[in-house]
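Close look at the chain arrangement
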Amino acid sequence: MTDDVREYWDAQAESFDEEADHGLADPVVRQAWEALLLPLIPRPGSAVADLGCGTGTLSLLLGGAGHRVQGVDLSGKMVDIARAKAARGGIAAEFVVGDASLPPLPPASFDVVLARHVLWALPDPDAAVGHWARLLRPAGSMVFVEGLWGTGAGIPAERCLELVRRHRREATLTLLTAPDLWGREITDERYLIVSPA
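Residues numbered from 1 in each chain as written. Predicted model: local features only at pLDDT ≥ 70, side-chain atom pairs only at ≥ 80, totals over all residues. Heavy atoms only, no water.

Named according to an unreviewed UniProt entry, the protein is Class I SAM-dependent methyltransferase originating from Pseudarthrobacter phenanthrenivorans.

Below, the structure written as structure tokens:
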């Protein structure tokens, strides 16, 4: 990733959590994300890699539920905010600065690889998914939240599903249309892809 990309996300850090689905400050939105994600990580104390973790909101949600989370983000300012939020909440998540497409994490060490709104922004999403698959233990799963947003940015659901199936035996797609997840009605394409072991 380039310095320009890092600088762009550094500049977004202070206001990033203002979006309802980024900061999860609204209890209804937070509860919707808990209801979506927590059942996908059923084993207590699972090791989770949160790639492109931003300000750490999902890392902290999962860490607060007892999972061991390591978040990676290219933006040092995002990581600083994530660390501060973890300290304030007394949650033992770890955060490192690094390129989400090639995260500085050991292979075969995670039960879950989680990425939300990340694949679309990577220069080579296919290579990234391949690398992420190697981070998983044999029984590990991938959980991706992506979209094709009204701005024109994003990745179509079928394209993302195809990418995951190149590297994994199984993957399922669920559209995420519930307003509670986003804090508002949506008209664009947002979805969840889960690839179990």
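Some words on the sheet that holds strand β7 (residues 189-195)
One key point about sheets: their strands pair by backbone hydrogen bonds, in either a parallel or an antiparallel sense. Here is the rule: Two strands pair under a simple rule: DSSP has to find at least two bridges between them. Strands here are runs of E lasting at least two residues and helices are runs of H or I lasting at least four, both read from the DSSP assignment and numbered beginning at the N terminus. Between N-to-C directions, angles cover 0 to 180 degrees, with each direction set by a line fitted to C-alpha atoms, over the stretch in contact for helices.
An order of β3-β2-β1-β4-β5-β7-β6 is seen for the seven strands of this open sheet, with the pairing classed as mixed. Looking at strand neighbours, the two that pair on one side only are β3 (94-97) and β6 (172-175), the edges of this open sheet. Within this sheet the neighbouring strands show an average axis-to-axis angle of 15°, counted without direction.

Topic: the environment of Met-78
Operational definition: Relative accessibility under 20% of the residue-type maximum defines a buried residue, over 50% an exposed one, and the middle range a partly exposed one, all with a 1.4 Å probe and only protein chains included.
As for its placement among the helices and strands, Met-78 is situated in helix α5 (residues 76-89). On the basis of relative accessible area, Met-78 is assigned to the buried category, the value being 1%. For the pair Met-78 and Phe-95, spaced 17 residues apart in sequence, the C-alpha separation works out to 9.7 Å.

Some remarks on the packing of aromatic side chains
Put simply, the rule reads: Ring geometry is summarised as follows: Phe, Tyr and Trp rings, the Trp one being its six-membered ring, pair when their centres sit within 6.5 Å, and such pairs are stacked at plane angles under 30 degrees, edge-to-face over 60 and tilted between the two. Criterion for a charge above a ring: Arg CZ or Lys NZ at most 6 Å from the ring centre, at most 35 degrees from the ring normal.
Summed over all chains, the structure comprises five aromatic pairs. Summarising the aromatic geometry, the rings of Trp-33 and Trp-182 are spaced 5.4 Å apart at their centres and angled 85° between planes, so their arrangement reads as edge-to-face. Highlighted residues: Trp-33 in helix α3 (residues 27-37) and Trp-182 in helix α8 (residues 179-182), separated in sequence by 149 residues. No difference in accessibility class separates Trp-33 from Trp-182, as the two residues are buried. Aromatic pair Trp-120 and Trp-149: ring centres 5.5 Å apart, planes at 75°, arrangement edge-to-face. Taken together, the residues Trp-120 in the loop between β4 (110-116) and α6 (125-135) and Trp-149 in the loop between β5 (136-148) and α7 (157-167) connect sequence positions 29 residues apart. Connected via pairs of aromatic rings, a cluster forms that spans Tyr-8, Trp-9 and Phe-16. For Arg-190, the ring lying beneath its charged end belongs to Trp-182, and the centroid distance is 4.6 Å.

Quick look at the pattern of salt bridges
Quick reminder of the rule: Here, a salt bridge means any side-chain nitrogen of Lys or Arg that lies within 4 Å of a carboxyl oxygen of Asp or Glu.
By the definition in use, this model includes nine salt bridges. For the salt bridge of Asp-126 with Arg-166, the shortest nitrogen-to-oxygen distance reads 3.4 Å. Of this pair, Asp-126 sits in helix α6 while Arg-166 is found in helix α7, placing the two residues 40 residues apart along the sequence. With relative accessibility at 22%, the residue Asp-126 sits in the partly exposed group. The partly exposed category is assigned to Arg-166, whose relative accessible area is 46%. Residue Arg-159 is joined to Glu-162 by a salt bridge in which the shortest nitrogen-to-oxygen separation is 3.2 Å. Remark: Glu-162 and Arg-159 occur in helix α7; sequence separation between them is three residues, near one turn of the helix. Judged by its relative accessible area of 40%, Glu-162 is partly exposed. Overlapping salt bridges, with partners in common, bring together Asp-126, Arg-159, Glu-162 and Arg-166 in one network.

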